[in-house]
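Below, each chain spelled out in residue letters.
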Amino acid sequence: VNFGQVGVNAPAPWNNFLHFGAAGAAIANLKDVGGVTTSIGLTHGNAWGGPFTTGHLTGNNTGAYPDTVIKSGLWYNDVAARTITINGLDNSKRYNIVIFGSQNEGYDASARYTVNVGSQSDTLNARNNTNMTANINGLTPSGGAITLNLIKMASANFQFLNAMVLEEYTNVNLVLNPVNLYVE
């Protein structure tokens, strides 16, 4: 999902969620990487400060994501958590959430990301970032949903959200045969 300024569209397979960061803003029926419409949607639990267009561009699309995704996003400058609920998920599947933030003005933009299912968290500083992501993996939805909490670190000036990638997979408890196992 590409977040940010209206008119700064990223090409397929990105779902463009371009708005001013209002509480309750939602996007439904996201398309997967193959362009197939899904039941998955996102809802902002509370308002962001607004959109920005000063992501740290690479100039040649060599970052974690294309420059059109890096270019814009949403900002917030208070320590109160911003929440995004991902709904329409399959409780029998597992999910990874990849969060990307980038800002080119040199501010400390450190944020911590947590979820309502499990105890995982990760951090990311969006300052001058082009290739680092925060990752929360192996999540099992509760009631078909996962709520992501985005929290600006107390020492940071801002937090920035440019993109989020949701990866869905079937949990397989695969037992591997040992290789080169010797008993003496």
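Refer to the structure above for everything that follows.
Please read all numbers here as calculations on a predicted model, not as lab measurements.

Q: Is there a simple way to think about the pairing of strand E8 (residues 93–100) in this case?
A: The side chains of a regular strand alternate, first on one face of the sheet and then on the other. Burial runs high along E8: 7 of the 8 residues are buried. In terms of strand pairing, E8 meets strand E14 (residues 163–170) through 8 bridges, oriented antiparallel. Each bridged residue has a counterpart across the sheet, and for Tyr95 the counterpart in E14 is Glu168. As judged from the 4 bridges shared by E8 and strand E11 (residues 134–139), these two strands associate in the antiparallel manner. Opposite Ile99, over in E11, you have Ala134 as the bridge partner.

Q: Could you clarify how one ought to interpret the sheet that holds strand E7 (residues 82–87) in this entry?
A: Read from one edge of the open sheet, 6 strands run E3-E4-E7-E12-E9-E10, paired in antiparallel fashion. Pairing within the sheet leaves two strands with one partner each, and these edge strands are strand E3 (26–27) and strand E10 (121–125). Note: strand E9 (residues 110–115) against E10, 5 bridges, orientation antiparallel. Pairing of Arg112 across the sheet is with Thr123, part of E10.

Q: Help me understand the sheet that holds strand E13 (residues 159–161) in this model?
A: Think of a sheet as strands paired side by side through backbone hydrogen bonds, with each pair either parallel or antiparallel. Across the sheet, which stays open at both edges, the 3 strands sit in the order E5-E6-E13 with antiparallel pairing between neighbours. Unpaired on one side and paired on the other, strand E5 (50–52) and E13 mark the two borders of the sheet. With strand direction ignored, the average angle separating the axes of adjacent strands in the sheet is 40°. Examined bridge by bridge, E5 and strand E6 (residues 73–76) share 3 bridges and lie antiparallel to one another. Note that in E6 the partner of Gly50 across the bridge is Trp75.

Q: Which parts of the structure should I look at to understand the packing of aromatic side chains?
A: To describe a pair of aromatic rings, you give the distance between the ring centres and the angle between the ring planes. Inspection of every chain in the model, using the stated rule, returns 8 aromatic pairs. Measuring from ring centre to ring centre gives 4.8 Å for Phe52 and Phe160, while their planes differ by 70°; the resulting arrangement is edge-to-face. Placement of the pair is Phe52 in strand E5 and Phe160 in strand E13, with a sequence separation of 108 residues. Among the residues examined, Phe52 registers a relative accessible area of 7% and is labelled buried.

Q: I keep staring at the nonpolar core and nothing clicks. Help me out?
A: Soluble globular proteins: nonpolar side chains tend toward being buried together. Of all hydrophobic cores here, the largest spans 30 residues; its most connected members are Phe3, Leu42, Ile97, Tyr113, Val115, Ile146 and Leu148. Those elements that place two or more of their residues in this core are E6, E7, E8, E9, E11 and strand E12 (146–152).

Q: I would appreciate a short explanation of the layout of surface pockets in the present structure.
A: In this structure, the largest pocket encloses a volume near 490 Å³. Around the largest pocket sit 22 residues that line it, and Asn15, Lys31, Asp32, Val33 and Leu166 are the ones nearest its centre. For the lining of the largest pocket, the leading source of residues is E14, giving 5 residues. Residues of the lining of the largest pocket, tallied by class, amount to 13 nonpolar, 4 polar and 5 charged.

Parameters at a glance
- Residues numbered from 1 in each chain as written.
- Predicted model: local features only at pLDDT ≥ 70, side-chain atom pairs only at ≥ 80, totals over all residues.
- Heavy atoms only, no water.
- Buried < 20%, exposed > 50% of the residue type's maximum accessible area, 1.4 Å probe, protein only.
- Helix = DSSP H or I, 4+ residues; strand = E, 2+ residues; numbered from the N terminus.
- Pairing = 2+ DSSP bridges.
- Axes fitted to C-alpha atoms, helices over the stretch in contact; angles between N-to-C directions.
- Phe/Tyr/Trp six-rings, centres within 6.5 Å; stacked < 30°, edge-to-face > 60°.
- Core = buried A, V, L, I, M, F, W, Y, C linked by side-chain atoms within 4.5 Å.
- 1 Å grid on protein atoms, 1.4 Å probe; cavity = no way out; pocket = protein on both sides within 12 Å on 5 of 7 lines; lining within 4 Å.
- Points joined across faces, edges and corners; volume = space filled by probe spheres on them.
- Nonpolar A, V, L, I, M, F, W, Y, C, P; charged D, E, K, R; others polar.

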